[in-house]
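Chain and residue survey
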Amino acid sequence: MTIHSKLIAGIAKIEKATGKTLYKPYVATRAGTLDPVTDTTTGDTQITFKAVSESYRADQIDGDLIKSTDYQLIALVEDMSEPLAIGDLVDGYRVQNLNYAPADPDEAIAVTIQMRKV
C-alpha cells in the first residue's frame, strides 16, 4: 500500500466516523499570460485538486505573514492536476504561500496552501 493510499484510507475513516466530507474538491484558476512578441494571450488554466480546509491556530496568526482571515488547504500532490502557484485563485481567495512536504516539490507527498481573501 502506497503512502497516498494510506492517507486516503485514513481520511475516509475519519469522514465515516464524523459523517462529514473533509477531503473536498477544489478548482483553482491561473490567469493567462501575454506574449509580448506575438501580442497574444493564453487563456486561463483550471487546476483541479482535493484538499482538507483548516483554520490557523491563534498562535500562528501574526497579522502580517498570516492574517486572521487566512486559512490553509492541505492537499496530496498526487491528487492535483498540476502544481499550484502563488497567485492562483480558489473561490475568491488567492494562493499566498505553498509549503511542500518534503520540501522538494518534485518529491513531495503533500502541500499546505495558505489562502488569503482577494
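It should be emphasised that the depicted structure is a prediction, and the values quoted were computed from it without experimental measurement.

**What to know about the nonpolar core**
Phe49, Leu73, Leu84, Leu98, Val111, Ile113 and Met115 are the most contacted members of the largest nonpolar core, which totals 19 residues. Listing elements by their share of this core, those giving two or more residues are strand 1 (23-30), strand 4 (45-55), strand 5 (71-76), strand 7 (93-101) and strand 8 (110-117). The element best represented in this core is strand 7, accounting for four residues. For Met115, the residues in contact, after removing those within four places along its chain, are Asp70, Tyr71, Leu73, Val90, Tyr93, Arg94 and Val95.

**Here we look at a nonpolar patch on the surface**
Where nonpolar side chains cluster on the molecular surface, the patch consists of Ile3, Leu7 and Ile109 and spans about 240 Å² of accessible area. Relative to the helices and strands, Ile109 resides in the loop between strand 7 and strand 8.

**Points about the side chain of Gln72**
Take Gln72: it is sitting in strand 5. Leave out the neighbours within four places in its chain, and Gln72 touches Val52, Ser53, Glu54, Ser55, Tyr56, Gln60, Thr112 and Ile113.

**Quick look at the pairing of strand 4**
Inspection of the sheet shows strand 1 paired to strand 4 by eight bridges, in the antiparallel sense. Bridge pairing in strand 4 links Lys24 to Ala51.

**Structural notes on unusual backbone geometry**
Pro102 follows Ala101 through a cis peptide bond whose omega is -10°. Inspection of the secondary structure puts Pro102 in the loop between strand 7 and strand 8. A positive phi angle, close to 60°, is found at Asp39, a residue other than glycine. Structurally, the position occupied by Asp39 is in the loop between strand 2 (34-35) and strand 3 (40-41). Residue classification places Asp39 among the exposed residues on the basis of a relative accessible area of 60%. The backbone of Asp91 sits at a positive phi, close to 50°, despite the residue not being glycine. Structurally, the position occupied by Asp91 is in the loop between strand 6 (89-90) and strand 7.

Conventions adopted
- Residues numbered from 1 in each chain as written.
- Predicted model: local features only at pLDDT ≥ 70, side-chain atom pairs only at ≥ 80, totals over all residues.
- Heavy atoms only, no water.
- Core = buried A, V, L, I, M, F, W, Y, C linked by side-chain atoms within 4.5 Å.
- Buried < 20%, exposed > 50% of the residue type's maximum accessible area, 1.4 Å probe, protein only.
- Helix = DSSP H or I, 4+ residues; strand = E, 2+ residues; numbered from the N terminus.
- Contact = heavy atoms within 4.5 Å.
- Patch = residues over 30% accessible without salt bridge, like charges linked within 9 Å, V, L, I, M, F, W, Y side chains within 5 Å.
- Areas by Shrake-Rupley, 256 points an atom, 1.4 Å probe, with all protein chains shown as cover.
- Salt bridge = Lys/Arg side-chain N within 4 Å of Asp/Glu carboxyl O.
- Pairing = 2+ DSSP bridges.

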